[in-house]
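# Per-entry structural report
For reference, the chains in residue letters:
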Amino acid sequence: MTQPRRDTRWWGWGDPDEPAELGPAGERMLAERGIETRSDGTARSIEAVRIPDAEPIPDAVLDAAGRDNVFTSHEDRVRHANGQNYLDLLALRSGELDLAPDAVVVAEDAGRIGPILEACSANGVAVVPFGGGSSVVGGVTPIKGDHAAVMSLDLAGLRAMEVDERSLTAKLGAGLRGPEAEALLASRGFTLGHFPQSFEYATIGGFAATRSAGQSSSGYGRFDSLVSSIRMITPQGELSTIRTPHTSIGPSLREVVVGSEGTFGVIPDVEVRIRTVPAARRYEAWIVEDFEAGNEAVRALAQHDLLPTIIRVSDVPETEVNLAMSLPSGAAGTLFKRYLRLRGRDGGSLVITGYEGTSDAVRRSRSAVATTIRRGGGVFLGQAAGKGWARGRFHGPYLREALLDRGVLVETLETAQQWSQHRRLYESVRSTIENALAANGMEGIVMCHLSHAYRDGASLYFTVIASQGPEGGAVNWPKIKKAACEAIQSGGGTLSHHHATGRDHAGLIEGEIGPLGIEAIASLKDRFDPAGIMNPGKILK
């Protein structure tokens, strides 16, 4: 019998034994920027969290699931009640949840899923597919809608792997976490190369359902480009695509499944393109004059097909915070200080570059990238700072936990735009958030980095760290995010570059795809899920 996973913080992100510490540098950074801290941000015990009483699950659903696979304990219901956005975590820490699944069901194999969905459809039980629970847009919120009950369908039991070494593809179970999948592949000499910040706990099924993009996407590709074939089990049957590198038969049904956020059905496994484990890896750091200079270097690299495996550009505020939290030491620190002194500047923008592949490929790519960055006025900070970023690349959520412990609002949102409008969108969204903070009596800092680049444009990933303000973060953040989303849509940007869609975006999507697009999605929903049980209230209202 497979049980729901219970190995993470119930109130937040990651390993309970991993320190979530702000440290003196972090406390100093908050004080210097006037960000008020509080002492009431720490979580209560899980037993003290109040959740709604559970509604009964019909016998037909229990029989289809297998009664030993149904879990209704307080702990399991709390652990499946929220994702990982600021409001989710604030609610958990407050000890008061408005929503919780009535039961958690673990599918021990894919054969269980069809009967479960059929029984739920016939008996009015909503189903929320649950992988790693790392959604930051409300994607796993247990909304029941018009249904009598709601279950969280935990896919932790689906963790098999099959490898086709000649085709360089692998069939991976949807419940495999990122590190689990990489370990299995590495044992055969391969890698998927998909490393989002949620990598440690997000799952293969979640990567597909959310159209994920990883930190190494410039080199390995976004997850949607890694999907070779896929299947989805719906209340009306199974949809699958054939195992082929390409097809021109009709609209791509693979694209219907990828990014569907569990609103049509359940993804039990995914066939993906894999590569051999790289022989060499190299990570470096640079400093450039400002965000625009860094973006221009990235644009030049993208439009000349020279992007490295990883490239990230932090704007000046994000660079300042990063350096305040962890000042570079040794040769990198000396170069950074010399850069500031020679240019008479208070700061610049940090650029991280990473290269993976054969030794020759790494050397060639690094040479081309270094030449381009230097032409843009960049100063090399060395490998030590780059390696430091690589070591801590998945630690950001733990820092967020430390900020939440101090009662600080911390949240992210992201978008993407073509190069011709990229700077204008950055300035518009940034100023909108700053104005919204001021209007709500909040002191804070708005940071941004470019995390993914293309020939025609790039992403913008904003992070907000602020005091909660007089009305509190639960009241203020929705107002700030609404203003930011309006600025994004007014500037022609997408509502989400790689965090997919969820409850946070329901009602806003029409502004991006238009009423006919909404009708098309609704038609697919009606065909796959006529009873509307699959993940209600997410992509559609």
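Residues numbered from 1 in each chain as written. Predicted model: local features only at pLDDT ≥ 70, side-chain atom pairs only at ≥ 80, totals over all residues. Heavy atoms only, no water.

### Side note on the overall build of the chain
Definition in use: We count a stretch as a helix when DSSP gives it H or I for four or more residues in a row; a strand needs E for two or more, and each element gets its number in order from the N terminus. Here the radius of gyration uses the C-alpha set of atoms, whereas the globule reference equals 2.2 Å times the residue count to the power 0.38. All accessible areas in this document rest on Shrake-Rupley with a 1.4 Å probe, and a residue is counted as covered only by the protein chains that are shown.
Looking only at helices and strands, the chain has 19 helices and 18 strands in total. Rg of the C-alpha trace for the chain: 23 Å, near the compact-globule value of 24 Å for 541 residues, within the 12% margin. Its C-alpha atoms put the chain at 75 × 60 × 45 Å along the principal axes. On the chain, roughly 22100 Å² of surface is accessible, and the fraction owed to carbon and sulfur atoms is 50%.

### Focus: helix H1 (residues 23–32)
This is how the line gets drawn: Each residue is assigned to one of three classes by its accessible area relative to the maximum for its type, calculated with a 1.4 Å probe on protein chains only: buried under 20%, partly exposed between the two thresholds, exposed over 50%. The arc refers to the directions leading from the helix axis to the C-beta atoms. Note on contacts: a residue pair is in contact if any heavy atoms of the two residues lie within 4.5 Å.
Within the span of H1, buried status applies to Ala25, Gly26, Met29 and Leu30. Projection of H1 onto a plane perpendicular to its axis shows the buried side chains occupying an angular sector of 135 degrees, all on one side. Among the exposed residues of H1, those oriented more than 90 degrees off its buried face are Pro24, Ala31 and Glu32. Those residues of H1 that are buried are in contact with helix H12 (316–325), helix H16 (396–405) and strand E18 (457–466). Downstream of H1 by one or two residues, glycine 34 has phi in the positive range, about 70 degrees.

### As for the packing of aromatic side chains
To be explicit about the condition: In summary, the pairing rule links any two rings of Phe, Tyr or Trp, Trp by its six-membered ring, whose centres are within 6.5 Å, and it sorts them by plane angle into stacked for under 30 degrees, edge-to-face for over 60 and tilted for everything else.
In total, this model carries 10 aromatic pairs according to the counting rule given. Relative to phenylalanine 528, the ring of phenylalanine 264 lies with its centre 5.4 Å away and its plane at 50 degrees, an arrangement referred to as tilted. With phenylalanine 264 in the loop between helix H10 (253–257) and strand E10 (269–273) and phenylalanine 528 in helix H19 (residues 510–528), this residue pair connects regions lying 264 residues apart in the sequence. For phenylalanine 528, a relative accessible area of 12% puts it in the buried group.

### A word on the pattern of salt bridges
When the charged atoms of two side chains with opposite charge come close together, those side chains can pair. Here is the rule we go by: Should a side-chain nitrogen of Lys or Arg be within 4 Å of a carboxyl oxygen of Asp or Glu, the pair is scored as a salt bridge.
Counting across every chain of the model gives 35 salt bridges. Between aspartate 269 and arginine 231 there is a salt bridge; the shortest N-O distance is 2.8 Å. Residue aspartate 269 is found in strand E10, and its partner arginine 231 is found in strand E8 (residues 227–234); the two are separated by 38 residues along the sequence. Overall, the relative accessible area of 19% leaves arginine 231 in the buried class.

### Observations regarding the pairing of strand E9 (residues 237–240)
Quick note on the threshold: Paired strands, in this sense, are two strands between which DSSP finds at least two bridges.
In this sheet, E9 lies alongside E8 in antiparallel orientation, the contact comprising 4 bridges. Bridge assignment links threonine 234 to a residue of E9, and that residue is glycine 237.

### What to know about the environment of proline 196
By secondary structure assignment, the location of proline 196 is in the loop between strand E7 (190–191) and helix H7 (204–209). When the C-alpha atoms of proline 196 and isoleucine 373 are compared, they prove to be 25 Å apart, with 177 residues separating the residues in sequence. Apart from residues lying up to four places away in sequence, proline 196 is in contact with Phe207, Ser212, Ala213, Gly214, Gln215 and Phe394.

### Remarks on the sheet that holds E10
As a general point, the strands of a sheet are linked pairwise by backbone hydrogen bonds and lie either parallel or antiparallel. Short version of the rule: Note on geometry: axes are lines fitted to C-alpha atoms, helical ones only across the stretch in contact, with angles between N-to-C directions running from 0 to 180 degrees.
In space, the 5 strands of this open sheet follow the order E5-E6-E10-E8-E9, with antiparallel pairing throughout. With one partner strand each, in any of the chains shown, strand E5 (161–164) and E9 form the two edges of the open sheet. Across the sheet, the axes of successive neighbouring strands diverge by a mean angle of 15 degrees, strand direction being ignored. Judged from the 4 bridges that link them, E5 and strand E6 (residues 169–173) form a sheet pairing that is antiparallel. Within E6, the position partnered with aspartate 164 by the bridge is threonine 169.

### Focus: the sheet that holds E18
Sheet architecture is open: 7 strands sit in the order E15-E12-E14-E13-E17-E18-E16, paired in antiparallel fashion. Because the sheet does not close on itself, it has two edges, and the strands there are strand E15 (379–382) and strand E16 (409–418). With direction set aside, neighbouring strand axes in the sheet form an average angle of 25 degrees. With 2 bridges joining them, strand E13 (residues 310–314) and strand E17 (residues 444–450) adopt antiparallel strand pairing.

### A short note on empty space enclosed by the protein
Rules: As defined here, a cavity is a set of points on a 1 Å grid over the protein atoms alone where a 1.4 Å probe fits but cannot get out. A pocket is an open set with protein on both sides within 12 Å along at least five of seven lines, and residues line them when an atom is within 4 Å of a point. Grid points are joined across faces, edges and corners, and a volume is the space filled by probe spheres set on the points. Ten residue types, Ala, Val, Leu, Ile, Met, Phe, Trp, Tyr, Cys and Pro, are classed as nonpolar, four, Asp, Glu, Lys and Arg, as charged, and the remainder, Gly among them, as polar.
In the structure shown here, the tally under the stated rule is 2 cavities of 30 Å³ or more. Surrounding the largest cavity, 25 residues form its lining, Thr8, Arg79, Phe130, Gly132 and Gly133 being those nearest its centre. Of all the secondary-structure elements, those providing two or more residues to the lining of the largest cavity are helix H3 (74–79) and helix H4 (86–94). Looking at side-chain class alone, the lining of the largest cavity contains 9 nonpolar, 10 polar and 6 charged residues. What the second largest cavity holds in volume is close to 90 Å³. The wall of the second largest cavity is formed by 13 residues, among which Val137, Thr412, Leu413, Glu414 and Lys481 lie closest to the centre. Elements with a contribution of two residues or more to the lining of the second largest cavity: E16 and helix H18 (473–490).

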